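# Structural characterization, general
Below, each chain spelled out in residue letters.
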Amino acid sequence: MTNTTKIATLAGDGEFIAYRATPAGTPKAAIVVIQEIFGVNAGIRRKCDTLAEAGYLAIAPDLFWRLEPGIELDPDIKPEFDRALELMGQFDQDKGIADIEASIRAVRSELGDDTKVGVVGYCLGGRLAFMTAARTDVDASVGYYGVGIDGLLGEKHAIAHPVLLHVPEEDHFVDKDAQAAMHAGLDDHPKVTIYDYAGEDHGFATEFGERRSDASAKLADERTAKFFAENLA
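Rules of the game
Residues numbered from 1 in each chain as written. Predicted model: local features only at pLDDT ≥ 70, side-chain atom pairs only at ≥ 80, totals over all residues. Heavy atoms only, no water. Salt bridge = Lys/Arg side-chain N within 4 Å of Asp/Glu carboxyl O. Helix = DSSP H or I, 4+ residues; strand = E, 2+ residues; numbered from the N terminus. Buried < 20%, exposed > 50% of the residue type's maximum accessible area, 1.4 Å probe, protein only. Phe/Tyr/Trp six-rings, centres within 6.5 Å; stacked < 30°, edge-to-face > 60°. Polar contact = N/O pair within 3.5 Å; in protein donor to acceptor, adjacent residues only side chain to side chain. Contact = heavy atoms within 4.5 Å. Pairing = 2+ DSSP bridges. Axes fitted to C-alpha atoms, helices over the stretch in contact; angles between N-to-C directions. 1 Å grid on protein atoms, 1.4 Å probe; cavity = no way out; pocket = protein on both sides within 12 Å on 5 of 7 lines; lining within 4 Å. Points joined across faces, edges and corners; volume = space filled by probe spheres on them. Nonpolar A, V, L, I, M, F, W, Y, C, P; charged D, E, K, R; others polar.

Moving on, we come to the pattern of salt bridges. In total, this model carries 18 salt bridges according to the counting rule given. The salt bridge partner of E68 is R83, with a shortest N-O separation of 2.7 Å. Of the two residues, E68 sits in the loop between β4 (57-61) and α2 (78-90) while R83 sits in helix α2, which places them 15 residues apart along the sequence. Across the pair D139 and R108 runs a salt bridge, and its minimum N-O distance is 3.0 Å. One end of the pair, D139, is in the loop between α4 (124-135) and β6 (140-144); the other, R108, is in helix α3 (residues 93-111), with 31 residues separating them in the sequence. D139 gets classed as buried once you look at its relative accessible area, which sits at 15%. Several salt bridges converge on common partners, so that one network encompasses E68, R83 and E86.

Below you can see the structure in the form of structure tokens.
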């Protein structure tokens, strides 16, 4: 079953909408799906639906609600891609993390405080997933092609729960030096695992559109499914 739900901010100064996909039976855990710069579009909703089919309660909060609530953009349409970049430039990432934390708390409030909660994010969401791992008590975090993680390595000491990162080697938003810095800073971290994808570019695991690379997307998603099964059980 799918619908939308409202979540109150941590500060109590507003509320935002989240897309929600509920499994047929009792959820075995919950996963917050963190959007790309394109909003909670059809691809992000499909990610939630797939997780629900696997037995998880999945929600995708509208993190751009302070800028343009409910926006959905297509990365294959240039004016929409350009609009997404504008929104990214205006987005307050610290408030975004607070909204993700509010989402984590909301599902724990519903399912029980002992419910395990994971996050999975893409692009901007991949960066936010790493930040969530460092700044909240989330139980497991997955980031696909997160941007600027090399600049967040100063927070790695705060990561207490497992993190999985998918890194396409030809990511035109994350150059080779940034990738090398990520490996140098995180390869020896006991909670972090990095998988590299040779020949792949940013967005390779999108559900729809020109960016998808099917074989690598399926491999990354299989690794993610195993990671969540191991860490959210």
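As a further point, take the packing of aromatic side chains. Summed over the entire model, instances satisfying the criterion amount to 10 aromatic pairs. Look at F38 and F81: their rings are 5.9 Å apart centre to centre, the planes differ by 40°, and that puts the pair in the tilted class. Taken together, the residues F38 in the loop between β3 (30-34) and α1 (42-53) and F81 in helix α2 connect sequence positions 43 residues apart. A relative accessible area of 21% means that F81 is categorised as partly exposed. On the basis of an interplanar angle of 65° and a centroid distance of 5.5 Å, the ring pair of Y145 and F204 is categorised as edge-to-face.

What follows deals with the side chain of H166. With respect to the element layout, H166 can be found in strand β7 (residues 163-168). Engagement of the side chain of H166 in a polar contact is seen with the side chain of T224, the distance being 2.9 Å. Residue contacts for H166: discarding those within four places in its chain leaves V142, G143, Y144, Y145, Y195, Y197, A220, R223 and T224.

The next thing to look at is the sheet that holds β4. Spatially, β1-β2-β4-β3-β5-β6-β7-β8 is the arrangement adopted by the 8 strands of the open sheet, whose pairing is mixed. Whereas interior strands pair on both sides, the edge strands pair on one side only; in this sheet they are β1 (2-8) and β8 (192-197). Adjacent strand axes in the sheet meet at a mean angle of 20°, parallel and antiparallel pairs treated alike. Here β7 pairs with β8 via 6 bridges, running parallel. Looking across to β8, one finds that L165 is bridged to I194. Along the sheet, α4 contacts β3, β5 (117-122), β6 and β7; its crossing angle with β5, the most-contacted strand, is approximately 145°.

Right, let's get into empty space enclosed by the protein. One way to see where empty space is left: roll a probe the size of a water molecule over the atoms. Enumeration over the complete set of coordinates arrives at 1 cavity of 30 Å³ or more. As a volume, the largest cavity reaches approximately 50 Å³. As for the largest cavity, its lining consists of G143, Y145, G146, I149, L165, H166, V167, P168, D171, V174, Q179 and M182. When residues of the lining of the largest cavity are traced back to their parent elements, those giving at least two are β7 and α5 (176-186). A total of 4 residues in the lining of the largest cavity trace back to one element, the largest contributor, which is β7.

A separate point is the layout of surface pockets. Taken as a whole, the largest pocket spans an internal volume of roughly 310 Å³. Lining the largest pocket are 15 residues; nearest its centre among them are T50, L51, D221, T224 and A225. Taken together, the residues that form the lining of the largest pocket break down as 8 nonpolar, 2 polar and 5 charged.

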